[in-house]
Amino acid sequence: MLPEVLVLPSLGLALAIAALVLLVHFRFRRREAARFQSLASRLQEFRRQYNSSLEDTRALLNKLPDVILIFERQWPKLLFANRQALELFGCSSEQELMDKVFSQPDAWLSAPHSLLDFEDLLSRGRELGIERREWCFSAGPDQSLWMDCEVTLTVFAGEPAMIFSGVNIHHRKLQSIADNLRQRALFSVNDGSSLESIIDRVAKLLETQIAGAHCVISLYDEQKDSLITQGVGEFSRAFCSEVPFVSARYGATSIGSAAHTRQSVICESVSEDLQWQGYADVLKSLNVASAWSEPVLGQAGDLKAVITLFSDVPKRPDNDVVGHFAFAVSLIGLAIEREQWRLELEASSENERYVREVSVSIVNVPSEGFSAGLTCVIQGIKSKYDLGSIEVWRVESERDLIVPVSSTDFNVDENAEGGVSIALERFNDLFPNRDPKYISPQDDLYGFLKAHKKSKPVLVVPLYSDSLKGYLLGFLVVESKFQYVAKSTIEHLSVIGSVMKTSLINQRLVEHLADTADTERRARKKLESELAVAKSIQMSMVPGNGSYVKELRNWRIESWLNPASAVGGDLYEVIPLSRGRFLAAVGDVSDKGVPAALFMAKTISLLNFLAYNNDGDLKSITAALNRELCRGNDACMFVTLVMVLVDKETGRAEMINAGHTMPMQRYSDQLPHLWSGETIAPLGLYEQLEPVTEFLEIPAGGSLVLYSDGVTEAFNAAGEEFGEQRLLSLGGRPRSYEECFLTNIRERLVEYTAGAEQSDDITIMILSRQGL
């Protein structure tokens, strides 16, 4: 046991140590508490700064003009949308935007961009780090907005995210789309696209250029005197189903009023406009508030169509809309006329064939039972042109009456006495210009012509004799199945009427003369004589009346012209000029028959005048001749022409080839070949024409052969062409054939085409330079 004196000091030391430890611990705890308090204060300050920074970021993003959307990086959950984004989609919060738009596929456009496409855009941005694309968003019912969008990676609220930013490019994009549509519409007119596709493109162009507008194009049907609504868009189809056609009369909607007046008709509020009475339910279902109808007129001022712009708000068109509309009207007018030209061109040959056939049928109607036979013919005409009825009336000069001969509407008894008749004096002033004329139900004469019904206008086609006084022989009374007869049909009926009057004349002669055969023979002989005179007159306009041989110093010129019909369009001419020169020409006029013969006569007359007047200057002759042939050339006829100006002394020749066949050059010591120089367009087609001359030499012993396409395109019985190779083969014959080269060609052509009808005029001219 330790002494007490030792225990007491040890206990005091322990207590001191314990007190020291407690003091150190207390100081440590107080220091830790102060540090904790400092850290807590800093954390609170950091949180305050973070929240302030986040709010500043949101405020800054809200001030940007761009649309800003921030999504979680791993899946498209919306974290933030700035004010512009919420306004674009019509939402008040990010959650509402997520629920109504980014979780609903129906809230997106079906094309060109859907919700799946947007999710794919975000996915590509997440994979690549950045993705940029132009995007079209739905901006409300029937509205859209184009934006230039970019998706990049970012951090938002301390978490990985993706930021979507979009810049409004709607105006520029719509302008680009409109420019593209305008170009496509313009190209469509020239590339042979269908009228329906052009109408669709023009409608889309207007709807793109004019916000909130819908376009309906109504084509004018002349026979029905109504406008047929067209369109392939959603609005157009809905409108067409409710309003398939509109009458072309004033008050029948703004479409009918524009067609009737040939002027613009603007309805600022269709609900208050009397022209749209009766269509309130249709307009309401289509959400139409205003309408603007503009007529489309052809070059001759005839109605082609009416374009109508519908808008969902009452308004008048501004200057920009007027400009866009004017372009569309011009384009549609051009497209419709081009389509009509195409259809007329396709139908022309068929119609010509039909007119020839029906003319033969009319001429061959037997005199016995004439009325019944003629009725069968006009029944076919009625069916062909889809008419309502046709009647043939003739003049009985002995009684000064006009009586019906045949009708598709009622039976005509040839032997009945006291039947339907009209006094001839009623028609004395009816046809001042001898043109067809409509008789309306309000006219007094209508009751005589259509006593059995009064509903539509009837067309009266007068039939006058060919004599100087031009007596009225009768007329055709034509009723349309709809309202009016098409203009093209009227033209054909006029041609048929010219044959009909001959038949009426013949029938009247049969009834009054016993010698019908002799009368017909005299008429046919007269026609043949006139054709023979016409052929003689035409052939007298070319040297040698179609067969020409001329010796000029050491030159020999031979020509031959053989028309395919009584009169034709081929020509040749040899014109002596000053300074030892002469001008030789061979040409071929487009078309055949009398029109070609007249154009050929005009060409020869002008060529002779201009050759002397310009002293053989080929460029001046060609330019002046082309201008004169273009003047008043409504039939668009033209002539292919090769002209050669020859110096008789040197054999040097200057040539212009205006779309003609290539001349053949022959030599005494080498094979012949076809000339391959530059050509220009045929004459009479284009007013602006730049003549181009070529130079060549005709050596001694050589020759230049000018010919028309009737030589190379002569067909044999098997339908095979004579061709250029056969012509070159003939040109390469030995020298002994030189004297009879033209005769040789003629014999070969006759031999080759034996058994086949001559299809085209044949012209050959040989310019031979004799050996020195």
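Up top you'll find the structure we're talking about.
Predicted model, so just to flag it, every value in this text is computed and none were measured.

Asker: A description of the environment of Glu649 should follow, citing residues and the corresponding values.
Answerer: Turning to its location among the elements, Glu649 is positioned in the loop between strand S22 (639-647) and strand S23 (652-658). For Glu649, a relative accessible area of 55% translates into the label exposed. Remark: the alpha-carbon pair of Glu649 and Arg579, spanning 70 residues in sequence, is separated by 9.6 Å. Once you skip the residues sitting within four places of it in the chain, Glu649 turns out to touch Arg553 and Arg769.

Asker: A description of the packing of helix H15 (residues 593-613) against helix H16 (residues 618-630) should follow, citing residues and the corresponding values.
Answerer: Helix-helix packing is described using two parameters, namely the angle between the two axes and the distance between the axes. Packing of H15 against H16 leaves a shortest axis separation of 10 Å and a crossing angle of 145°. Where H15 crosses over H16, the two elements pack in a sense that is right-handed. Touching Phe599, Lys602, Thr603, Leu606, Leu607, Leu610 and Ala611 of H15 are Ile621, Ala624, Leu625, Glu628 and Leu629, all from H16. A breakdown of the residues in the contact of H15 with H16 according to their chemical character gives nine nonpolar, one polar and two charged.

Asker: Quick one: what's the story with the packing of aromatic side chains, residue by residue and with numbers?
Answerer: On inspection of all chains with the given rule, the structure shows 19 aromatic pairs. Both rings, one in Phe71 and one in Phe102, keep their centres 5.4 Å apart while their planes meet at 80°; by these two values the pair is edge-to-face. Placement of Phe71 in strand S1 (residues 67-72) and of Phe102 in the loop between helix H3 (94-100) and helix H4 (115-128) is noted, with a sequence separation of 31 residues between them. Across this residue pair, the class does not change: Phe71 and Phe102 are buried. Note on Phe89 and Phe137: the rings are 5.7 Å apart at their centroids and 85° apart in plane angle, and the pair reads as edge-to-face. Placement of Phe89 in helix H2 (residues 83-89) and of Phe137 in strand S3 (residues 130-138) is noted, with a sequence separation of 48 residues between them. Classification of Phe137 by relative accessible area gives buried; the value is 1%. Through successive ring pairs, a cluster of aromatic residues spans Phe71, Phe89, Phe102, Phe118, Phe137 and Phe164. Against the face of Tyr354 rests Lys384, its NZ or CZ located 5.3 Å from the ring centre. The cationic tip of Arg666 hangs over the ring face of Phe741; the distance from NZ or CZ to the ring centre is 3.9 Å.

Asker: Describe empty space enclosed by the protein, and please don't skip the residues or the numbers.
Answerer: Any space left empty among the atoms is revealed by the rolling of a water-sized probe across them. Throughout the structure, instances matching the rule amount to six cavities of 30 Å³ or more. Taken as a whole, the largest cavity spans an internal volume of roughly 120 Å³. When residues of the lining of the largest cavity are traced back to their parent elements, those giving at least two are strand S9 (265-267), strand S10 (290-297) and strand S11 (303-311). Broken down by element, the residue count for the lining of the largest cavity peaks at three residues, all from S10. A per-class count over the lining of the largest cavity returns nine nonpolar, two polar and two charged.

Asker: Mind laying out the sheet that holds strand S4 (residues 144-156), listing which residues take part and the relevant values?
Answerer: Taken in spatial order, the five strands of this open sheet run S2-S1-S5-S4-S3, and their pairing is antiparallel. The sheet is open, and its two edges are formed by strand S2 (78-81) and S3, each paired on a single side. Each neighbouring strand pair of the sheet contributes to a mean axis angle of 25°, computed without reference to strand direction. As defined by bridge partners, S1 adjoins S2 across three bridges and the pair is classed as antiparallel.

Asker: Give a detailed account of the sheet that holds S23, specifying residues and quantitative values.
Answerer: Spatially, S20-S21-S22-S23-S26 is the arrangement adopted by the five strands of the open sheet, whose pairing is antiparallel. Two strands close off the open sheet at either side, each with one partner strand: strand S20 (570-577) and strand S26 (694-697). For this sheet, the mean inter-axis angle between neighbouring strands, taken without regard to orientation, is 20°. Here nine bridges tie strand S21 (residues 581-589) to S22, and the two strands are oriented antiparallel to one another. The partner of Phe582 across the bridge, within S22, is Val646. Along the sheet, H15 contacts S20, S21 and S22; its crossing angle with S20, the most-contacted strand, is approximately 15°. Strand contacts of H16: S21, S22 and S23, with the helix running at about 155° to S22, the strand carrying the most contacts.

Asker: Lay out the environment of Glu694 with the relevant residues and their values.
Answerer: Looking at where Glu694 falls in the secondary structure, it is placed in strand S26. C-alpha of Glu694 to C-alpha of Glu678: the two residues are 16 residues apart in sequence and 7.2 Å apart in space. Not counting the four nearest positions on each side in its chain, Glu694 is found in contact with Ala653, Glu654, Met655, Trp675, Gly677 and Glu678. Engagement of the side chain of Glu694 in a polar contact is seen with the backbone nitrogen of Glu678, the distance being 3.3 Å.

Asker: Can you lay out the side chain of Arg666 for me, pointing to particular residues and giving the numbers?
Answerer: Here Arg666 is to be found in strand S24 (residues 664-666). From its side chain, Arg666 meets the backbone oxygen of Gly731 in a polar contact 3.1 Å long.

Asker: How would you explain H15 if you had to name every residue and give the values?
Answerer: Along its 21 residues, H15 runs 30 Å from first to last C-alpha, staying within 8% of the 30 Å computed at 1.5 Å per residue. Looking at H15, one finds that the buried residues are Gly593, Ala596, Ala597, Phe599, Met600, Ala601, Thr603, Ile604, Leu606, Leu607, Leu610 and Ala611.

Asker: Summarise the nonpolar core; cite the residues concerned and give the values.
Answerer: With 53 residues, the main nonpolar core has Phe582, Leu583 and Met765 as its most contacted residues. With sequence-adjacent residues up to four places away left out, Leu583 is seen in contact with Glu573, Val574, Ile575, Leu577, Leu607, Ala611, Leu618, Ile621, Met643, Val644 and Leu645.

Asker: Account for the pairing of strand S19 (residues 555-562), with residues named and values stated.
Answerer: Counted residue by residue, S19 has seven buried out of eight residues, so it is predominantly covered. In terms of strand pairing, strand S18 (residues 547-552) meets S19 through six bridges, oriented antiparallel. Pairing of Val549 across the sheet is with Glu558, part of S19. If you look at the hairpin formed by S18 and S19, you'll find two residues sitting between the two strands, and Arg553 has a positive phi there, around 50°. One ladder, built from eight bridges, connects S19 with strand S28 (residues 762-769); its direction is antiparallel. Bridged to Ile557 within S28 is Leu767.

Criteria and cut-off values
Residues numbered from 1 in each chain as written. Predicted model: local features only at pLDDT ≥ 70, side-chain atom pairs only at ≥ 80, totals over all residues. Heavy atoms only, no water. Helix = DSSP H or I, 4+ residues; strand = E, 2+ residues; numbered from the N terminus. Buried < 20%, exposed > 50% of the residue type's maximum accessible area, 1.4 Å probe, protein only. Contact = heavy atoms within 4.5 Å. Axes fitted to C-alpha atoms, helices over the stretch in contact; angles between N-to-C directions. Left-handed = near helix turned anticlockwise from the far one by under 90°. Nonpolar A, V, L, I, M, F, W, Y, C, P; charged D, E, K, R; others polar. Phe/Tyr/Trp six-rings, centres within 6.5 Å; stacked < 30°, edge-to-face > 60°. Lys NZ or Arg CZ within 6 Å of the ring centre and 35° of its normal. 1 Å grid on protein atoms, 1.4 Å probe; cavity = no way out; pocket = protein on both sides within 12 Å on 5 of 7 lines; lining within 4 Å. Points joined across faces, edges and corners; volume = space filled by probe spheres on them. Pairing = 2+ DSSP bridges. Polar contact = N/O pair within 3.5 Å; in protein donor to acceptor, adjacent residues only side chain to side chain. Expected span 1.5 Å × (residues − 1). Core = buried A, V, L, I, M, F, W, Y, C linked by side-chain atoms within 4.5 Å.

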